[in-house]
Amino acid sequence: MKVLSVASECAPLIKTGGLADVAGALPAALAPLGVEMRTLLPGYPVVHDALENPVQVFTDSNLFGGPAQILHGRAGGLDVYVLDAAHLFYRNGGPYAAPDGFDWWDNPERFAALSWMAAQICTYGAAGWKPDILHTHDWQGGFAPVYLQRLGGAHTVGSLITIHNIAFTGSVGADRMGWLRLPIEGYNAGGFEFFGRISALKAGIAYSDRINTVSPTYAEELMTPGFGMGFDGILRHRSADFSGILNGIDTGVWNPATDANIAAYKAPRGKARARAALAEELGLAPDGGPLCVVVSRLTEQKGLDLLLQAVPALLERGGQLALLGSGEPWMEQRFGGLAAANPGRVAVRIGYDEKLSHRMIAGGDAILVPSRFEPCGLTQLYGLRYGTVPVVAHTGGLVDTVIPSTYATVSAGVSTGVVFAPVEADALRRALVQICDLYGQPDVWQRIQANGMKHPVGWEQSAAAYAALYEQAARKP
Ligand code: ADP
Ligand code: GLC
């Protein structure tokens, strides 16, 4: 089975969030199951820099306003196709936004171009390699199955779209339809029309053979108006082809016993060293606890404004908070102010720092994920692996990965964390009180840590589920 994965970000090359981790992990996770995956990436400067032994396999003299070629090679340990189109991707800045923080003005054609090339590779093959499956992620690859149909490739190639985040719709005015090479007959409620505009995500959902998202609970939630953000109707309509497959994490990179970013330890007992080192690094008082950590984008989705309201309940009980994140300026400022007002008890680091994220997750007692919606979430999985007890909102993939501490589960000794609902400040406050209580009972606490460390967080089960989905989507001869 040959699969072309189309991703706008991919670890270890370029990352803004969990999508990159998943796109980067899938090829190795699927290889033992006989799936040969290659990944098509935009030719951002960092991707070109990492590309080894590039071979040109495709050219196009005018791809949305400039010349382009597809290069095949290896980068970051992956087998990749790189869309080399300097006018679209060779820029300083992020994958989606310019250095000023605003989205690139030409995002629709940048990712239409990526999608067009994906459909070309699937339809005609690239240097003798022709995929059986087109696997796209989020809105950035959404037009690919439309183009695949237009080019005739859909007769031989099946398609799957994975929804990582429904909040980004890839929306563009309907007047751009011709320029974006979209067929007018697709502009309707069952196609890529979305509230009077065009949505690349809607295109992906409407035209792909199979659709999945990154946890079973989020799949159910997405079919409701409260979570579907306007896509719940089409997802209900396509429910027979729609499923949830839980993300895994790279258990080689996130392994407390071998982690190069920390003094490696065997949790839970060896954890004390990592905790002490973290407290010292961040200027936190060595006593007290639980030390609760957050590693997150600072956006509305992540519910960290609720934490700003609830955090006194933690601090009053001797707990501490350490946060690493970046995002909305007002939130960065509020957390900065919280740290300034609570020296030794609250530490805040604004920015993106992979190594520090390891030290924080290794050194924390608990990790907080109070998201309003969370398709899967990865940091609670890292927490489980490191004996860092997750405190999570009752939503999406958080529900599917953490066993809540209730009277029954604590008595039976099976819980792995704390889950709170509804996703409001009061419930989070109660969860923080609960985590302090549990932390105050060392036997119970160590049992919860040990349970979490045994919880399966790798890719094995989910890789098999993806392989099965590819089988379902494939064209039978
Ligand atoms: P999302 O993709 O919605 O941001 P996930 O939990 O799926 O949420 O993935 C987030 C990923 O980004 C994790 O690997 C997390 O460790 C990482 N991350 C988020 N913020 C930072 C940061 N400030 N520094 C380092 N890593 C971060
Ligand atoms: C998204 C979601 C996150 C998920 C990640 C990878 O960014 O917000 O919950 O873990 O994609 O699938």
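Residues numbered from 1 in each chain as written. Chains lettered and ligands numbered in written order. Predicted model: local features only at pLDDT ≥ 70, side-chain atom pairs only at ≥ 80, totals over all residues. Heavy atoms only, no water.

1. As for the site of ligand 1
Around ligand 1, 21 residues are found, and the nearest of them are K15, G18, R297, G351 and Y382. Here D21 contributes a side-chain N or O atom positioned 3.2 Å from an oxygen atom of ligand 1. Y382 places a polar side-chain atom, nitrogen or oxygen, 2.7 Å from an oxygen atom of ligand 1. Coverage of ligand 1 by the protein amounts to 93% of the 560 Å² it exposes when considered alone. Those elements that place two or more of their residues in the shell around ligand 1 are α1 (18-30), β13 (291-298), β14 (320-327), α13 (354-363) and α14 (379-385). The residue makeup of the shell around ligand 1 includes at least three contributed by each of domain 1 (2-248 + 460-474) and domain 2 (260-454). (Near = heavy atom within 4 Å. Polar contact = N/O pair within 3.5 Å; in protein donor to acceptor, adjacent residues only side chain to side chain. Areas by Shrake-Rupley, 256 points an atom, 1.4 Å probe, with all protein chains shown as cover. Helix = DSSP H or I, 4+ residues; strand = E, 2+ residues; numbered from the N terminus. Domains from an automatic or database assignment.)

2. Considering the pairing of strand β4 (residues 68-75)
Buried residues dominate β4, accounting for six of its eight residues. Alignment of strand β3 (residues 52-60) against β4, held across six bridges, turns out to be antiparallel. Note on β4: the bridge partner recorded for F58 is I70. Relative to strand β5 (residues 78-84), β4 is paired through seven bridges, and the arrangement is antiparallel. Bridge pairing in β5 links H72 to Y81. Taking the residues between adjacent antiparallel strands as the criterion, β4 and β5 are bridged by two residues, where G76 takes a positive phi near 55 degrees. (Buried < 20%, exposed > 50% of the residue type's maximum accessible area, 1.4 Å probe, protein only. Pairing = 2+ DSSP bridges.)

3. Observations regarding the sheet that holds strand β6 (residues 133-137)
Strand order across the open sheet formed by nine strands is β3-β4-β5-β2-β1-β6-β7-β11-β12, with mixed pairing between neighbours. Strands at the two margins of the open sheet, each flanked by one partner only, are β3 and β12 (242-244). Each strand axis lies, on average, 25 degrees off the axis of its neighbour in the sheet, ignoring direction. Of the pairings in the sheet, the one linking strand β7 (residues 158-163) to strand β11 (residues 210-213) comprises four bridges and is parallel in character. (Axes fitted to C-alpha atoms, helices over the stretch in contact; angles between N-to-C directions.)

4. As for the domain arrangement of the protein chain
Per the domain assignment, the segments of the protein chain are domain 1 (2-248 + 460-474) and domain 2 (260-454). Computed from C-alpha atoms alone, the centre-to-centre distance between domain 1 and domain 2 is 33 Å. Counting residues at the interface gives 18 residues for domain 1, matched by 18 residues for domain 2. Between domain 1 and domain 2, a total of about 1300 Å² is buried, with carbon and sulfur atoms accounting for 60% of that surface. (Contact = heavy atoms within 4.5 Å. Buried area = accessible area lost by both parts, 1.4 Å probe.)

5. Here we look at helix α11 (residues 304-316)
Compared with the 18 Å implied by 1.5 Å per residue over 13 residues, the 19 Å span of α11 between its first and last C-alpha is a close match. Largest kink in α11: about 50 degrees, centred on A310, with the proline P312 one to four residues after it. For α11, the buried fraction is high: ten of the 13 residues fall into the buried class. Within α11, burial applies to L304, D305, L306, L307, L308, A310, V311, A313, L314 and L315. As for α11, its buried residues are in contact with β13, β14, α12 (329-341), β15 (346-350), β16 (366-369) and α17 (425-439). Remark: G318 follows α11 within two positions and exhibits a positive phi of approximately 90 degrees. (Expected span 1.5 Å × (residues − 1). Bend = angle between axes of the 7 residues up to and from the residue.)

6. A short note on the sheet that holds β14
Spatial strand order, β15-β14-β13-β16-β17-β18: six strands in an open sheet with parallel pairing. The two strands at the open ends of the sheet, each matched to only one other strand, are β15 and β18 (418-420). In this sheet, neighbouring strand axes are inclined to one another by 15 degrees on average, regardless of whether the strands run parallel or antiparallel. Seen against the sheet, α11 touches β13, β14, β15 and β16 and runs at an angle of roughly 170 degrees to β13.

7. Some points on the site of ligand 2
Neighbouring ligand 2 are G18, L19, V22, H164, N165, V214, N247, Q301, E374, P375, C376 and G377. The separation between an oxygen atom of ligand 2 and a polar side-chain atom of N247 is 2.8 Å. In the environment of ligand 2, an oxygen atom lies 3.1 Å from a nitrogen or oxygen atom belonging to the side chain of Q301. Relative to its unbound accessible area of 310 Å², ligand 2 is 93% covered by the protein chains. By residue class, the composition of the shell around ligand 2 is five nonpolar, six polar and one charged. Looking at which domains feed residues into the shell around ligand 2, each of domain 1 (2-248 + 460-474) and domain 2 (260-454) gives three or more. (Nonpolar A, V, L, I, M, F, W, Y, C, P; charged D, E, K, R; others polar.)

8. Some points on the packing of α1 against helix α19 (residues 460-473)
The geometry of α1 relative to α19 is characterised by a closest axis approach of 10 Å and an angle of 85 degrees between their N-to-C directions. Classed by the angle they form, the pair α1 and α19 counts as roughly perpendicular. Judged by residue contacts, L26, A29 and L30 of α1 engage A463, Y466, A467 and Y470 from α19. Per-class residue counts for the contact of α1 with α19 are seven nonpolar, no polar and no charged. (Parallel < 35°, antiparallel > 145°, perpendicular 65-115°, else oblique.)

9. Considering the nonpolar core
Among the nonpolar cores identified, the biggest contains 75 residues, and L40, L83 and L235 are the most heavily contacted of them. Sorting elements by how many residues they give to this core places helix α4 (residues 107-124) first, with ten residues. Excluding residues within four positions of it along the chain, L40 makes contact with L4, S5, V6, A7, I70, Y81, L83, L114, M117, A118 and I121. Counting 40 residues, the second-largest nonpolar core is a separate cluster that includes L304, M331, F335 and L338. (Core = buried A, V, L, I, M, F, W, Y, C linked by side-chain atoms within 4.5 Å.)

10. Thoughts on the environment of V399
Tracing the chain through its elements places V399 in helix α15 (residues 396-401). For the pair V399 and R372, spaced 27 residues apart in sequence, the C-alpha to C-alpha distance is 12 Å. Discounting residues that sit within four places of it in the chain, V399 has contacts with T217 and H394.

11. Thoughts on the pattern of salt bridges
This model, assessed by the stated rule, comprises 17 salt bridges. One salt bridge connects D21 with K15, and the closest N-O pair in it is separated by 2.9 Å. The partly exposed category is assigned to K15, whose relative accessible area is 24%. For the salt bridge of R91 with D106, the shortest nitrogen-to-oxygen distance reads 2.6 Å. Of this pair, R91 sits in the loop between α3 (86-89) and α4 while D106 sits in the loop between α3 and α4, placing them 15 residues apart in sequence. Of the residues examined, D106 reaches a relative accessible area of 6% and is grouped as buried. (Salt bridge = Lys/Arg side-chain N within 4 Å of Asp/Glu carboxyl O.)

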